Structures are given as C-alpha cells and as structure tokens.
Amino acid sequence: MAPPRSYHCEALTLKKAFIGEADVIVTLYTKERGKVRAIAKGARRSNSRLVGHLEPLTLVSMSLAQGRSLDYVTQVQTIGNLSPLKDDLDAVSKGFYVAELVDGFGSEANANPPLYQLAVETLQYIRDNPTADLPLRFFELHLLEVSGLKPELYRCVECRRALPPGAHRFSPNVGGTLCIDCHPADAHVRALSLRALKVLRLLDRSRLPELPSLSMDKSLAQELQSLLSLTIEYWLDKQIQSNSFMEQLQRESQPEVYR
Ligand SMILES: [Zn+2]
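Residues numbered from 1 in each chain as written. Predicted model: local features only at pLDDT ≥ 70, side-chain atom pairs only at ≥ 80, totals over all residues. Heavy atoms only, no water.

1. Regarding the overall build of the protein chain
Selection criterion: Comment: elements are numbered from the N terminus, with helices defined as DSSP H or I runs of at least four residues and strands as E runs of at least two. Both definitions apply: the radius of gyration is a C-alpha atom measure, and the globule rule equals 2.2 Å times residues to the power 0.38.
Summing up its helical and strand segments, the protein chain has 6 helices and 8 strands in all. Traced from its N-terminal end to its C-terminal end, the protein chain shows the element sequence β-β-β-β-β-α-α-α-β-β-β-α-α-α. A compact globule built from 259 residues should have a C-alpha radius of gyration of about 18 Å, and the protein chain, at 20 Å, falls within 12% of that. With the C-alpha coordinates of the protein chain rotated into their principal frame, the extents come out at 70 × 40 × 30 Å.

Rendered as structure tokens:
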C-alpha cells in the first residue's frame, strides 16, 4: 500500500475538540490551504509531543498526512509568540472572537493568504494592545474585504452618487451606504452617523501596524460595533457566540473613552 501523502503548512489553531480517550480534532486556518480540520492522534496524553502546540490561538508550523476524510497531524511546532495574549482576559476574549470569525468566513475549499495574514496581524496587535477595541473594528471591516464582501463606504449603492456630507443610512443587504433619497425595500437598513462613516473610511484606508489612535465616546463606539456585527452576522447568517462574552466583560469594565 502506498504511504499516505503528506504536506507541510503554517497555521493558526482556531479550536479543538476531544474524540475518544486520547485524540483531538483541531480546526486550523492554514496559510497554504485555507481551513483544515485534522486529527491529532494521542494528543491528549501528557507525554505526546503534540501537547501544548494545538491549543487555540497558537501559531504553528506543521506536517500533516492526508487521510480518507480528515487529515492527521504528524508533526507540529509553535512558531509565533502569541502566548502572552492568553494571559490577559480581555485579550483572550478578543482572540477567541477573531478565531470564531476566521472559522466562519474561512473556506475549506480555497486558500486565502490575505485572510491568514489579517488574522495573525490582528492577534499580534491585540497581544500588544489588549484593551483597545478599534483593532476589532479594523479586523471586521478588512475581514469583509478579504472575503470579497467589502461594504461600499463612499457612494450610494442605489443611485451611485458620491455621498454628500450629512446623515446617511447603511445596509449589509444592499452592500453598504445609502443616500437619504434612495429607499430600497430592505429590512436591514439603519441610520449611519457622519462620524461613524468617517471612522469606517479611516479604518478602510489604514494599515493595522499604523492604526491611528482614536478616542471615541460610548455612543460612537457602540454604533460602529453594532453596525459591523450586524454586517458580519448578516453574511455569516448566524449569531456570533464569543460576542456575548466580550460584551459581558465590557459591561463590567465600563470605560469612559473607547480606543
Ligand atoms: Zn442614492
């Protein structure tokens, strides 16, 4: 019998589940192949060389052997230093949110290196700035972009005119911003303030390593968070689980200024 075909990849671990007495199924987002679910045989045993490398939110270099339905992890090594992120409750809750969205938007059929790079850079940024919320808004907007779902932020999606300054509306269903004159039949349309639109455009034009420092009041922070969550959930067609945990943490901390 021919030996199983094997391959090598760089990956971010998203989640794991136990099967049987000793094995683990790990969901990975790989740079080279997109989303992969793989079995790590014996990884629950304390003497396994796979132990410690397959925890969620770990950057790894790994070898896998192709199986009939799922592939098998044969070797794994931690490569990036994301571990400090797991020591901070704020940072780890944000990290799980990023992992959940990568799992939701990532495809098992196609590689998407920009999505991989966005996820890794966002986690590194959160590791170094655990209290800031703006990196998550950046991540949500650019996640839509690398998934081919970027909302229009500069023109009315109905009449295609450039948006004049003032109040506007937004709907994920029609693909972004609407002027005040266009009224498509759409249950998802909501108000969009000028200052929220300005922050979205700023995030659109920014790169994560040079993310501008912004102080936002609670209502602006909530408007952006709810608009992007609505858009993400519209495309995922489900509620995001890790959002409720982050909201609980936010209620307990109640900052005056959001960054
Ligand atoms: Zn219009």
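So, next bit.
2. What to know about the coordination of the zinc ion
To keep it simple, the criterion reads: With water omitted from the atoms examined, metal sites may look incomplete; donors here are N, O and S atoms no farther than 2.8 Å from the metal, or 3.2 Å in the case of Na, K and Ca. Site shape is set this way: if four donors have all angles between 85 and 135 degrees, tetrahedral; if opposite donors are over 155 degrees apart and all others between 65 and 115, square planar for four donors and octahedral for six; otherwise irregular.
Distances from the zinc ion to its protein donors, Cys156 (SG), Cys159 (SG), Cys179 (SG) and Cys182 (SG), fall within 2.3 to 2.4 Å. Metal-centred angles of 104 to 113° between the 4 donor atoms at the zinc ion mark the site as tetrahedral. Along the chain, the residues that donate to the zinc ion are spaced as C-x2-C-x19-C-x2-C.

3. Focus: the environment of Asp217
Defined as follows: Each polar contact in these results corresponds to two N or O atoms within 3.5 Å; when the atoms are within protein, one needs to be able to donate a hydrogen and the other to accept it, and residues that are neighboring in sequence are counted only if both atoms are side-chain atoms.
Tracing the sequence through the fold places Asp217 in the loop between α4 (194-205) and α5 (218-236). Between the C-alpha atom of Asp217 and that of Arg259, which follows or precedes it by 42 residues, the distance is 9.0 Å. At 3.0 Å, the side chain of Asp217 and the side chain of Arg195 are in polar contact. Of note is the side chain of Asp217, whose polar atom sits 2.9 Å from the backbone nitrogen of Leu220.

4. A short note on the environment of His183
To keep it simple, the criterion reads: Throughout this description, buried means an accessible area under 20% of the type-specific maximum (1.4 Å probe, protein chains only), exposed means over 50%, and partly exposed covers the range between.
Structurally, His183 is set in the loop between β7 (176-178) and β8 (190-192). The class for His183 is exposed, based on a relative accessible area of 60%. Taking the C-alpha atoms as reference points, His183 and Gln75, separated by 108 residues in sequence, lie 56 Å from one another. Of note is the side chain of His183, whose polar atom sits 3.1 Å from the backbone oxygen of Ile180.

5. Here we look at the sheet that holds strand β4 (residues 59-65)
Rules: Being paired, for any two strands, means DSSP has found at least two bridges between them. For helices, the fitted axis covers only the stretch in contact; all axes are lines through C-alpha atoms, and the angles between them, taken along N-to-C directions, range from 0 to 180 degrees. Contact between two residues is taken to exist if any of their heavy atoms lie within 4.5 Å; hydrogens are not considered.
What the 5 strands build is a closed barrel, ordered β1-β2-β3-β5-β4; its pairing is mixed. Taking the axes of each pair of neighbouring strands and ignoring which way they run, one obtains an average angle of 55° across the sheet. Against the sheet, helix α2 (residues 113-128) engages β1 (6-19), β2 (23-30) and β4, with an angle of about 60° to β1.

6. Observations regarding the packing of helix α3 (residues 134-146) against α5
Short version of the rule: Two helices cross in a left-handed way if the nearer one is turned anticlockwise from the farther one by less than a right angle. They cross in a right-handed way if the turn is clockwise.
Remark: α3 packs on α5, axes separated minimally by 10 Å, with the N-to-C direction vectors making an angle of 35°. Along this stretch, α3 crosses α5, giving a crossing that reads as left-handed. In contact with Arg137, Glu140, Leu141, Leu143 and Leu144 of α3, α5 contributes Leu224, Gln225, Leu228, Thr231, Ile232 and Trp235.

7. Concerning unusual backbone geometry
Positive phi outside glycine occurs at Leu57, with the angle close to 65°. With respect to the element layout, Leu57 can be found in the loop between β3 (34-40) and β4. In this structure, Arg160 is a non-glycine residue whose phi angle is positive, near 65°. You can see Arg160 is positioned in the loop between α3 and β6 (168-171).

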